[in-house]
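Secondary and tertiary structure notes
Spelled out from the first residue to the last, the chains are:
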Amino acid sequence: MAIDVKRLDRDVLDALTKDSVLVTYVLRNTLAAPWRDYGWRGELMTSQVLAACRRLEVRGHVAEAST
């Protein structure tokens, strides 16, 4: 299933702005949580969130940290 990459990048950046220490799987769960306003639900995979983080890292918006 194709996802809206620009929307995902925006939502990842928004979630990380609110809590900058989220690991990838927690970030995915945050975006897919039904009580959040992101609206991703079950269609979002951790690998897609990781790819968004990598794109944002290349653009200089986020930096990878050790967990």
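Since we're looking at a predicted model, the values are computed, not measured.

**As for the packing of aromatic side chains**
According to the stated counting rule, one finds 0 aromatic pairs in the structure shown. Of note, Arg 7 hangs over the ring of Trp 40, and the distance from its end group to the ring centre comes to 4.0 Å.

**Remarks on helix H2 (residues 24–32)**
All of the buried residues along H2 are Leu 27, Arg 28, Thr 30, Leu 31 and Ala 32. Where H2 is buried, its residues contact helix H1 (5–18) and helix H3 (46–58).

**Describing H3**
Relative to the 18 Å expected for 13 residues at 1.5 Å per residue, H3 spans 19 Å between its end C-alpha atoms, a close match to the ideal helical length. All of the buried residues along H3 are Gln 48, Val 49, Ala 52, Cys 53 and Leu 56. Take H3 and look down its axis: the buried residues cluster within an arc of 145°, on one side only. In this structure, the buried side of H3 is in contact with H1 and H2. Directly beyond the C-terminal end of H3, a positive phi value near 85° is found at Gly 60.

**Digging into the nonpolar core**
Core analysis: the biggest nonpolar cluster contains 15 residues, and Leu 8, Val 12, Leu 27, Leu 31 and Val 49 have the highest contact counts within it. The set of elements that each furnish at least two residues to this core consists of H1, H2 and H3. Excluding residues within four positions of it along the chain, Leu 27 makes contact with Val 12, Ala 15, Leu 16, Leu 22, Val 49 and Cys 53.

**A word on the pattern of salt bridges**
Summed over all chains, the structure comprises 7 salt bridges. Among the ionic pairs, Lys 18 bridges to Asp 14, the shortest N-O distance being 3.2 Å. With Lys 18 and Asp 14 both in helix H1 and 4 residues apart, the pair spans about one turn of that helix. By relative accessible area, which is 63% here, Lys 18 ends up exposed. Here the residues in one salt-bridge network are Arg 7, Arg 10 and Asp 11, joined through shared partners.

Procedures and definitions
- Residues numbered from 1 in each chain as written.
- Predicted model: local features only at pLDDT ≥ 70, side-chain atom pairs only at ≥ 80, totals over all residues.
- Heavy atoms only, no water.
- Phe/Tyr/Trp six-rings, centres within 6.5 Å; stacked < 30°, edge-to-face > 60°.
- Lys NZ or Arg CZ within 6 Å of the ring centre and 35° of its normal.
- Buried < 20%, exposed > 50% of the residue type's maximum accessible area, 1.4 Å probe, protein only.
- Helix = DSSP H or I, 4+ residues; strand = E, 2+ residues; numbered from the N terminus.
- Contact = heavy atoms within 4.5 Å.
- Expected span 1.5 Å × (residues − 1).
- Arc of directions from axis to C-beta.
- Core = buried A, V, L, I, M, F, W, Y, C linked by side-chain atoms within 4.5 Å.
- Salt bridge = Lys/Arg side-chain N within 4 Å of Asp/Glu carboxyl O.

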